[in-house]
Amino acid sequence: MEPGMEEIPVKVAVRIRPLLSKEVLHNHQVCVRLVPNTQQIIIGKDRVFTFDFVFGKNSTQEEVYTVCIKPLLVSLTEGYNATVFAYGQTGSGKTYTIGGGHIASVAEDEKGIIPRAIQELFQHISENRNIDFHVKVSYIEVYKEELRDLLELETSFRINRSILTFYGLVFEVIVGAKEFQVECADEVISLLESGNAARHTGTTQMNEHSSRSHAIFTISICQKQFTESQKNTDAAQDSSWKSVQVIASKFHFVDLAGSERVTKTGNTGERFKESIQINSGLLALGNVISALGDPKRKSVHIPYRDAKITRILKDSLGGNAKTVMITCISPSSSDFDESLNSLKYANRAKNIRNKPVVNYNPDQDRIDEMELEIRLLREALQNQQVSNQCTHNLNQERTRISSLEEQLTRLQVQCFSYRNCVDEAFPFLVDLNDDVSLKRSQRERLQSWIAMVQEVRKEALTLQETDMGTGTSQETHHITILQLKRELKKCQQALVMDEEVFSQKDHELQILQNQIKTLLQKNEEHLESLKEAQETHRLQNEKMVEQQMLIDQLKEKLEKFTDVKTLDFSCACGHGPAVVASTRRPYSVPLTKSLLHSLHPPSGTETRKAYTSPPAFSLARVMAEFRARSQMILSNIEDQDKVLHCHLSDQSDEEEENTGSKKKTSF
Ligand code: ADP
Ligand code: MG
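Residues numbered from 1 in each chain as written. Chains lettered and ligands numbered in written order. Predicted model: local features only at pLDDT ≥ 70, side-chain atom pairs only at ≥ 80, totals over all residues. Heavy atoms only, no water.

The name recorded for the protein chain in an unreviewed UniProt entry is Kinesin-like protein, from Phaetusa simplex. You can read under Sequence similarities (unreviewed entry) in the UniProt record for the protein chain the words "Belongs to the TRAFAC class myosin-kinesin ATPase superfamily. Kinesin family." (UniProt positions renumbered as here; feature names shortened; annotations may be inferred.)

What follows is the structure, given as C-alpha cells:
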C-alpha cells in the first residue's frame, strides 16, 4: 500500500545570480563560477563544492523550475508532500527564484517557481477529469517567531495564539493559517499576489522586515479517485464508496529570511554561527539541518520545536516530504563571506535524508497539527486530575465513612432492641421450661435455645471484658454512646446551620459596614461644607468689624467736627441769636433748658453748663445732618459690598440691625 519507503536525500541546488547593474556600475568582481559540465561550483580561487543542481548567471526561471520543481509537482499529484526552500543572503535572488515578488509586473519568462507550479497543477487537474480534486492554499509569514496570515490580514498575529479553555485552564496552542479553497489558477495567482503585497507593506521598515521574515506559501490538494472495479460494478452501490481512494498532499514554497550576519565585522571562526543568529528561526533551521545532516548524529534528538519555522516544516526536513533546497548566491566578491557561508550550509543539507510516503490518510496532516494540541491538553488534564483526584478521593472517603457510621448506628440500635426482646423472653422461657409440661421434643428445643442464648451471652460478656475491661455497665455505656453519637450529629447539624447563619450575618455585617462607610463619607462631606460655611461667616464678621471701625472713625471725626462747630457757634453767639439771648438772659431762665433736658439729664452742673453749650436747635440739626451723611456712607459701603450682601444670611441681617440699634444708642 505504501510505495517508496526508501530514504531519499534532500536535493540541494545552488543558483548564482548575475551581477546586478549597480554592481557592474561599481565595478564589482565575480568570485563564484560554475565548473563547466559538472555540478560543481568554485568560490574564490580553489574552494570547490558539489551539489545536485547548479545554475549559473545565465540560467532561466524555466530551467530552474523544470529541473528542480517539476519532479516535486509530479510527486505532489502522486500524494507525496513536497517542499522547496530558498536560502541565501538578502539580495541573492531568493524571492526572484521562488516567485514571491509582484507577479503582475513580471514578464512571463521571468516568473518564478510558485506561479509556474500553480499553472502546472491546474493543467494536471484539467487533464484528469476522473479525479475529484480539492485545492486549498495558505500563505503565512513568520517574523520574530510571530505568525502572520498574509491572506487574512485582520487575523494577523492571532493565528498562533488560539486560546483554549479547558477545565478552567487557559493556554495557547498553535493552529494553522486560514486555508482558501480555490478553483482555478487565476484565483490562486491573485491570492498569491495579494499575499506578496501584504508581505511588503506589512511594515514601515519594508526591507528590514522582508529580509528577516520567512514566507511560506502552501498548496494543499486532496484527490478522490474511484478505482476501475467500482466503475464496473455500478449496481453495488454500498461497496463503491468504500473503495474511493483519498489522497492528500501539500507543497510548501518557502522564502527564508536573509542568512547574512548583522554586522560585517566579526571573528572569522564564529562567522557561520553569527550569520544565522540574526534570526532564531534560521538558527533553529540550521541546527535541525546539522542534526539531520551529521551522519554521526543519526537518531539523536532533532530540535524541531525550537522555532516556529522548523515546527511547520518538520515533515519537509527529515520527514516524509520530497524536499529541494535552492541556495541563492551573489557572485560579487564583496559578498564572498556570505556566499561561502551559504555554500557550507547548503553542503550540510545534502546529508539530510527524508522518507517520503504517499499520504493515503487525508486526515494525517490534521492529525499531525492536532498532535501538539492533544499533548498540551493531556498535560493540562493530568495536572488538573492530580489536584482534583486528591480532593475528590478525600470527599469520597468522607461520605463513605459517614454512611458506614450511619449504618453502624442503625445496626447497633437494631441489635440492642433484639437483645432486649431476648432478654425479656429468656426468663419467661426458662420459667416455662420448668413449669409447663412440654413435649419431649419441645423441651429439647427450648433447652437448646436457652443454651444457645447463654452461650451468646457468655461470648458477648467476654468480648466486652476484653474490649472495655469491665462489662458491668456495658449496656448503659452503649446507650450513652448511641445517644452521644446522635447528639453529636445533631450538634454537627446545628453547627452547620450556625455557620450558615454566621455567614449570613457576616454578609449583613459587610453590607452594614459598607453603609457606615458611605455615611461616614457623607458626614465628612457635610463637615467639609460646614467648615466652608464657617469660613465664609468668619470673613463676613471681619468685614463687619471693619465697618464698625469705620463707623467709629467717622464718629470720632464727627465729634471733632462737632467741637469745631461748637466753637464756631460760640463765636457766632456774639453777633447772631446769641446776642438776643444775652440780652434776654438777665430776665429769664436759659432758653435751651427744655431742649437740653431732652439730651442731657438735668443736674446742677448741667444747668450751669448750659450757658457755655451750643444752642440746642443747632446741635439737633448737626445730628440730623450727620445721620444723613453716615447713612449715605453706610449705603455706599454696602453698595461696594454687594457680593457680601448676597451671602449675608438672616442672622447677619439681624446683626446689621443690631449694629444699627447700637448706632442709635451710641448717638
Ligand atoms: P532576496 O529575496 O534574496 O533578497 P531578490 O530575489 O529580491 O533577493 O533579488 C535581489 C535583486 O536581484 C532583485 O532585483 C532581483 O530581480 C535580482 N535577481 C535575483 N536573481 C536574479 C537572476 N537570477 N537573474 C536576474 N536578476 C536577479
Ligand atoms: Mg526576498
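After that view, the rundown keeps rolling.
Novice: Would you mind showing me how to read the overall build of the protein chain here?
Specialist: Scanning the protein chain from terminus to terminus reveals 21 helices and 16 strands. Buried positions account for 33% of the 667 residues belonging to the protein chain. Split by element, the accessible area of the protein chain, about 41,500 Å² in all, is 56% carbon and sulfur. (Helix = DSSP H or I, 4+ residues; strand = E, 2+ residues; numbered from the N terminus. Buried < 20%, exposed > 50% of the residue type's maximum accessible area, 1.4 Å probe, protein only. Areas by Shrake-Rupley, 256 points an atom, 1.4 Å probe, with all protein chains shown as cover.)

Novice: I tried to follow the environment of Arg353 on my own but got confused; where do I start?
Specialist: Counting through the fold element by element, Arg353 comes out in strand E16 (residues 353-354). Exposure remark for Arg353: the relative accessible area of 39% places this residue in the partly exposed category. Along the chain, Arg353 and Lys11 lie 342 residues apart, while their C-alpha atoms are 9.3 Å from each other.

Novice: Looking at this structure, I do not really get the site of ligand 1. What am I missing?
Specialist: Lining the immediate surroundings of ligand 1 are Arg15, Arg17, Pro18, Leu20, Gln89, Thr90, Gly91, Ser92, Gly93, Lys94, Thr95 and Tyr96. In the model, an oxygen atom of ligand 1 is placed 3.3 Å from a nitrogen or oxygen of the Ser92 main chain. Taking 560 Å² as the accessible area of ligand 1 by itself, protein coverage stands at 69%. Partitioned by chemical class, the residues of the shell around ligand 1 number three nonpolar, six polar and three charged. (Near = heavy atom within 4 Å. Polar contact = N/O pair within 3.5 Å; in protein donor to acceptor, adjacent residues only side chain to side chain. Nonpolar A, V, L, I, M, F, W, Y, C, P; charged D, E, K, R; others polar.)

Novice: Looking at this structure, I do not really get the packing of helix H2 (residues 61-78) against helix H4 (residues 113-127). What am I missing?
Specialist: Helix-helix packing: each pair is described by the crossing angle between the helix axes and the interaxial distance. The contact between H2 and H4 brings their axes to 10 Å, and the two run at 45°. By the angle between their directions, the pair H2 and H4 is classed as oblique. As H2 runs across H4, the sense of the crossing is right-handed. For the pair H2 and H4, the contacting residues are Gln61, Glu62, Val64, Tyr65, Ile69, Lys70, Leu73, Leu76 and Thr77 in the first and Ile113, Arg116, Ala117, Glu120, Leu121 and His124 in the second. For the contact of H2 with H4, the residue count by class is eight nonpolar, three polar and four charged. (Axes fitted to C-alpha atoms, helices over the stretch in contact; angles between N-to-C directions. Parallel < 35°, antiparallel > 145°, perpendicular 65-115°, else oblique. Left-handed = near helix turned anticlockwise from the far one by under 90°. Contact = heavy atoms within 4.5 Å.)

Novice: Sorry, what's going on with the UniProt feature "binding site: ATP" (unreviewed entry) in the protein chain here?
Specialist: UniProt marks Gly88, Gln89, Thr90, Gly91, Ser92, Gly93, Lys94 and Thr95 with the feature "binding site: ATP" (unreviewed entry), using the numbering shown here. When sequence neighbours within four positions are dropped, the list of residues in contact with Gln89 reads Lys94, Gly258, Ser259, Glu260, Cys328, Ser330, Asp335, Glu338, Ser339 and Ser342. Mapped onto the fold, Lys94 is located in helix H3 (residues 94-98). Look past the residues within four positions of Lys94 in its chain and what remains in contact with it is Ala86, Tyr87, Gly88, Gln89, Asp255, Leu256, Ala257, Gly258 and Cys328. In this structure the side chain of Lys94 is engaged in a polar contact, spanning 2.9 Å, whose partner is the backbone oxygen of Gln89.

Novice: What is the right way to read the pattern of salt bridges from this model?
Specialist: Working definition: two side chains of opposite charge can pair if their charged atoms are close together. All told, the structure shown has 16 salt bridges when counted by the stated rule. The shortest N-O distance in the salt bridge between Arg116 and Glu62 comes to 3.9 Å. Taken together, the positions of Arg116 in helix H4 and Glu62 in helix H2 put the pair 54 residues apart, joining distant regions of the chain. Relative accessible area serves as the criterion here: at 15%, Arg116 is assigned to the buried category. Of the charged contacts in the structure, one is a salt bridge between Arg440 and Glu444, with a shortest N-O distance of 3.4 Å. In this pair, Arg440 and Glu444 are both assigned in helix H14 (residues 440-468), four residues apart and thus about one turn of the helix distant. Taking the relative accessible area as the measure of exposure, Glu444 reaches 45% and is therefore partly exposed. Salt bridges sharing partners connect three or more residues here, namely Glu141, Arg148, Arg199 and Asp255. (Salt bridge = Lys/Arg side-chain N within 4 Å of Asp/Glu carboxyl O.)

Novice: Got a minute to help me understand the side chain of Asn196 in this structure?
Specialist: Topologically, Asn196 is positioned in helix H5 (residues 185-201). Beyond its immediate chain neighbours, meaning those up to four positions away, Asn196 contacts Gly99, Gly100, Gly101, Ile103 and Tyr139.

Novice: Sorry if this is basic, but what is going on with unusual backbone geometry here?
Specialist: Across the chain, the bulk of peptide bonds are trans and the bulk of non-glycine residues have phi less than zero. We note that Asn27 has phi near 65°; this positive angle belongs to a residue other than glycine. Summarising the element assignment, Asn27 is placed in the loop between helix H1 (21-25) and strand E3 (32-35). Take Asn27: its relative accessible area is 58%, and that puts it in the exposed class. With a phi close to 60°, Asn37 is a non-glycine residue in the positive phi region. Mapped onto the elements of the fold, Asn37 is located in the loop between E3 and strand E4 (40-43). Given the relative accessible area of 84%, Asn37 is considered exposed.

Novice: Is there a simple way to explain the pairing of strand E7 (residues 81-87) in this structure?
Specialist: Two faces, one strand: in a regular strand the side chains alternate between the faces of the sheet. Most of E7 is tucked away, with seven of its seven residues classed as buried. Alternating residues of E7 divide into Asn81, Thr83, Phe85 and Tyr87 and Ala82, Val84 and Ala86, and every residue in both groups is buried.

Novice: Where do I start with the sheet that holds E3 in this structure?
Specialist: Backbone-to-backbone hydrogen bonds pair the strands of a sheet. The strands run either parallel or antiparallel. What the three strands build is an open sheet, ordered E3-E4-E5; its pairing is antiparallel. Strands at the two margins of the open sheet, each flanked by one partner only, are E3 and strand E5 (47-50). Strand after strand, the sheet turns through a mean of 30° between neighbouring axes, direction not considered. The pairing of E4 with E5 spans four bridges and is antiparallel. (Pairing = 2+ DSSP bridges.)

Novice: Help me understand the environment of Pro427 in this model?
Specialist: Mapped onto the fold, Pro427 is located in helix H13 (residues 364-435). Take Pro427: its relative accessible area is 43%, and that puts it in the partly exposed class. In sequence terms Pro427 and Ile450 are 23 residues apart; their C-alpha atoms lie 9.5 Å from each other.

Novice: Honestly, the packing of aromatic side chains in this entry has me stumped. Any pointers?
Specialist: Two aromatic rings, taken as a pair, are described by how far apart their centres are and by the angle between their planes. For the structure on display, the rule yields six aromatic pairs. With 6.2 Å between their ring centres and 50° between their planes, Phe217 and Phe253 make a pair best called tilted. Placement of Phe217 in strand E13 (residues 214-226) and of Phe253 in strand E14 (residues 244-255) is noted, with a sequence separation of 36 residues between them. Taking the relative accessible area as the measure of exposure, Phe217 reaches 0% and is therefore buried. The class for Phe253 is buried, based on a relative accessible area of 1%. Their ring planes at 40° and their centres at 6.2 Å tell us that Phe426 and Trp449 sit as a pair that is tilted. Here Phe426 is found in helix H13, whereas its partner Trp449 is found in helix H14, with 23 residues between them in sequence. One aromatic cluster is present, formed by Tyr139, Phe217, Phe251 and Phe253 through successive ring pairs. Across from the ring centre of Phe180, 5.3 Å away, lies the NZ or CZ of Lys178, which sits over that ring. The lysine or arginine in question, Lys350, covers the ring of Phe51, its NZ or CZ lying 5.4 Å from the ring centre. (Phe/Tyr/Trp six-rings, centres within 6.5 Å; stacked < 30°, edge-to-face > 60°. Lys NZ or Arg CZ within 6 Å of the ring centre and 35° of its normal.)

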